[in-house]
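Report on the structure
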Amino acid sequence: QLIESGGALVQPGDSLLLSCAASGFTLDYRWIGWFRQAPGKAREGVSCINTGDGTTHYADSVKGRFTISRDNAKDTWYLQMNSLKSEDSDVYYCAADPDPKPGTSWSYSTLWDDWGQGTQVTVSS
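This write-up is about the structure you can find in this document. Predicted model only: the values in this text are computed from it and were never measured.

Considering the state of the cysteines
Linking two cysteines covalently via their sulfur atoms produces the bond known as a disulfide. Inspection of the entire model under this criterion finds 1 disulfide. Here cysteine 20 engages in a disulfide with cysteine 94; their sulfurs sit 1.9 Å apart. Judged by the sign of its S-S torsion, about -70 degrees, the bond between cysteine 20 and cysteine 94 is left-handed. With cysteine 20 in strand β3 (residues 16-22) and cysteine 94 in strand β9 (residues 90-97), this residue pair connects regions lying 74 residues apart in the sequence. Neither cysteine 20 nor cysteine 94 differs from the other in exposure class; each is buried. Free cysteine cysteine 48: the closest other cysteine sulfur is in cysteine 94, separated by 11 Å. Take cysteine 48: its relative accessible area is 0%, and that puts it in the buried class.

Quick look at unusual backbone geometry
Within the chain, aspartate 75 stands out as a residue other than glycine whose phi angle is a positive 50 degrees. Inspection of the secondary structure assignment puts aspartate 75 in the loop between β7 (66-71) and β8 (76-81). Judged by its relative accessible area of 23%, aspartate 75 is partly exposed. Even without being a glycine, serine 83 presents a positive backbone phi close to 50 degrees. Locating serine 83 in the fold gives a position in the loop between β8 and β9. The exposure class of serine 83 is partly exposed, given its relative accessible area of 40%.

A look at the pairing of strand β1 (residues 2-5)
Of the two faces of β1, only the one carrying Leu2 and Glu4 is buried; Ile3 and Ser5 on the other face are not. Examined bridge by bridge, β1 and β3 share 4 bridges and lie antiparallel to one another. Residue isoleucine 3 lies in a different strand from β3, and its bridge partner there is alanine 21.

Examining the pairing of β9
β9 sits mainly inside the fold: 7 of its 8 residues count as buried. Note: β9 against strand β11 (residues 119-123), 3 bridges, orientation antiparallel. Residue valine 91 lies in a different strand from β11, and its bridge partner there is glutamine 120. The pairing of β9 with strand β10 (residues 114-115) spans 2 bridges and is antiparallel. Each residue of the ladder has a partner; that of alanine 95, found in β10, is tryptophan 115.

A word on the packing of aromatic side chains
All told, the structure shown has 3 aromatic pairs when counted by the stated rule. Between phenylalanine 35 and tryptophan 112, the aromatic rings sit 5.6 Å apart at their centres with planes inclined by 75 degrees, giving edge-to-face as the arrangement. Within this pair, whereas phenylalanine 35 is found in strand β4 (residues 31-37), its partner tryptophan 112 is found in the loop between β9 and β10, the two being separated by 77 residues in sequence. Phenylalanine 35 gets classed as buried once you look at its relative accessible area, which sits at 0%. Taken together, Phe35, Tyr93, Trp112 and Trp115 form an aromatic cluster joined through their ring pairs. Positioned above the aromatic ring of tryptophan 115 is the side chain of arginine 43, whose terminal nitrogen or guanidinium carbon lies 4.7 Å from the ring centre. Its guanidinium or amino end placed over the ring of tryptophan 112, lysine 101 lies 4.8 Å from that ring's centre, counting from NZ or CZ.

Rules behind the numbers
- Residues numbered from 1 in each chain as written.
- Predicted model: local features only at pLDDT ≥ 70, side-chain atom pairs only at ≥ 80, totals over all residues.
- Heavy atoms only, no water.
- Disulfide = S-S within 2.5 Å.
- Helix = DSSP H or I, 4+ residues; strand = E, 2+ residues; numbered from the N terminus.
- Buried < 20%, exposed > 50% of the residue type's maximum accessible area, 1.4 Å probe, protein only.
- Pairing = 2+ DSSP bridges.
- Phe/Tyr/Trp six-rings, centres within 6.5 Å; stacked < 30°, edge-to-face > 60°.
- Lys NZ or Arg CZ within 6 Å of the ring centre and 35° of its normal.

The values are spatial; any link to function lies outside them.
Structure follows, in structure tokens:
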């Protein structure tokens, strides 16, 4: 089970830290990903991290602003979001999967097994 937290209403330029806490059998969670989705739109890959070697991937739209990190001992992963923009407003989902994520395949939501319930991020002045 994955549980996201940290979503909030913030102003443009603000920062926000999202958390994803896992419970239950987590040894298969080789990859943890963050996705976001607006109403009526496809779920978009934001970032992911390999829980073993720490390899990370980012969508071009968030590179340099967002940072994904891990605390494997706590089975918790994070998405630090800085310099937030209005277009970052979405429901953010945490996902987990055991399979390798070569190239840009990580961004395809259909390749991820387990999902959290989502947390709302709204960036507005």
